[in-house]
Amino acid sequence: MANKYQRILLKLSGEALLGEQGHGIDADILDQYAEEIKAVQAEGIEVCVVIGGGNIFRGVKGATAGMDRVQGDYMGMLATMINSMALQDALERKNVHTRLMSAIRMEEIAEPYIRRRAIRHLEKGRVVMFGAGTGNPYFTTDTAASLRAIEIEADVILKGTRVDGIYDSDPEKNKDAVKFDTITGDEVLNKRLNVMDLTAFTLCRDNKTPIIVFNMNIKGNLKKVVCENQSIGSTVV
Ligand code: UDP
């Protein structure tokens, strides 16, 4: 059976990399994520990845403690590069070809982001990672994920989280929370559901890029969503 999606953008939060640790990057989680990505790439799917930086630094948090917001945001963007490099290493240890592209020039460690080049890498079967967010302060890596997905014409954004979809209330706090299998963008906005920040969400909605929120911490889930057409998680259409 043909795969439902040919080109995907996977968004992972920085915080997910914490695992059980209080700070930094959990090696087991990193390895598991690399394995998940490898399994999908092996099916001939073109894969891009955007990772957040929340496990290391967030500009907003710095600003709350008195730091200049823009300075803090650039620190956050650098944090995403550290996470991206860690995932790149984990993928390469599994013999997956990768390219890391950065929105901020740092050519010793990553290529500058050039859209056409990114697409070429994907066509050649390399996993392409987009680091340093959008390269601009006051944005998030969710927005970077939406922007890049639209630019490179990804079929879908897969938001890998630790919950298994979009609920009408926080399932970690409310045991009666109800999950949506499919939901429209309008409903997400009307019900004020927290899928992505508004800038990121609006970009997807205006450009008709579907978003699937799913649990990335369950082994094999990514492949089930992308290759096996199984209805896992929640899809925003
Ligand atoms: N950031 C930014 N511009 C971007 C993307 C990220 O300024 O385009 C900064 C911002 O400070 C943010 C931090 O990088 O808090 C880490 O990204 P994010 O909070 O999105 O990470 P996640 O929540 O996914 O771990």
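Residues numbered from 1 in each chain as written. Predicted model: local features only at pLDDT ≥ 70, side-chain atom pairs only at ≥ 80, totals over all residues.

The name given to the protein chain in an unreviewed UniProt entry is Uridylate kinase, with Rhodohalobacter mucosus as the source organism. On record in UniProt, under Catalytic activity (unreviewed entry), the comment for the protein chain is "UMP + ATP = UDP + ADP". Here the protein chain is described in UniProt, under the heading Function (unreviewed entry), as follows: "Catalyzes the reversible phosphorylation of UMP to UDP." (UniProt positions renumbered as here; feature names shortened; annotations may be inferred.)

As a further point, take the overall build of the protein chain. Helix and strand counts for the protein chain stand at 8 helices and 11 strands. For 237 residues, the compact-globule estimate of 2.2 N^0.38 gives 18 Å, and the C-alpha radius of gyration of the protein chain, at 17 Å, lies within 12% of that figure. C-alpha extents for the protein chain along the principal axes are approximately 50 × 45 × 35 Å. Counting the 237 residues in the protein chain, one finds 43% classified as buried. (Helix = DSSP H or I, 4+ residues; strand = E, 2+ residues; numbered from the N terminus. Rg over C-alpha atoms; globule rule 2.2 N^0.38 Å. Buried ≥ 20, exposed ≤ 12 C-beta atoms within 10 Å, placed from the backbone.)

Looking at the secondary structure, you find Glu-228 in the loop between helix 8 (221-226) and strand 11 (234-236). For the pair Glu-228 and Ala-2, spaced 226 residues apart in sequence, the C-alpha to C-alpha distance is 9.0 Å.

When two helices pack together, you describe them by how their axes are tilted relative to each other and by the distance separating the axes. Remark: helix 5 (residues 141-151) packs on helix 7 (residues 198-206), axes separated minimally by 7 Å, with the N-to-C direction vectors making an angle of 20 degrees. The pairing of helix 5 with helix 7 is recorded here as roughly parallel in orientation. By crossing handedness, the relation of helix 5 to helix 7 is classed as left-handed. Here helix 5 contributes Asp-142, Thr-143, Ala-145, Ser-146, Leu-147 and Ile-150 to the contact with helix 7, which in turn contributes Thr-199, Ala-200, Leu-203 and Cys-204. Its residues placed into classes, the contact of helix 5 with helix 7 shows 6 nonpolar, 3 polar and 1 charged. (Axes fitted to C-alpha atoms, helices over the stretch in contact; angles between N-to-C directions. Parallel < 35°, antiparallel > 145°, perpendicular 65-115°, else oblique. Left-handed = near helix turned anticlockwise from the far one by under 90°. Contact = placed C-beta atoms within 7 Å. Nonpolar A, V, L, I, M, F, W, Y, C, P; charged D, E, K, R; others polar.)

It is worth spelling out the site of the ligand at this point. In the vicinity of the ligand there are 25 residues, among which Gly-52, Gly-54, Gly-59, Gly-76 and Gly-133 approach most closely. Elements represented by at least two residues in the shell around the ligand include exactly helix 2 (59-64), helix 3 (69-92) and helix 5. Residue composition of the shell around the ligand, grouped by class: 6 nonpolar, 15 polar and 4 charged. (Near = placed C-beta within 6 Å.)

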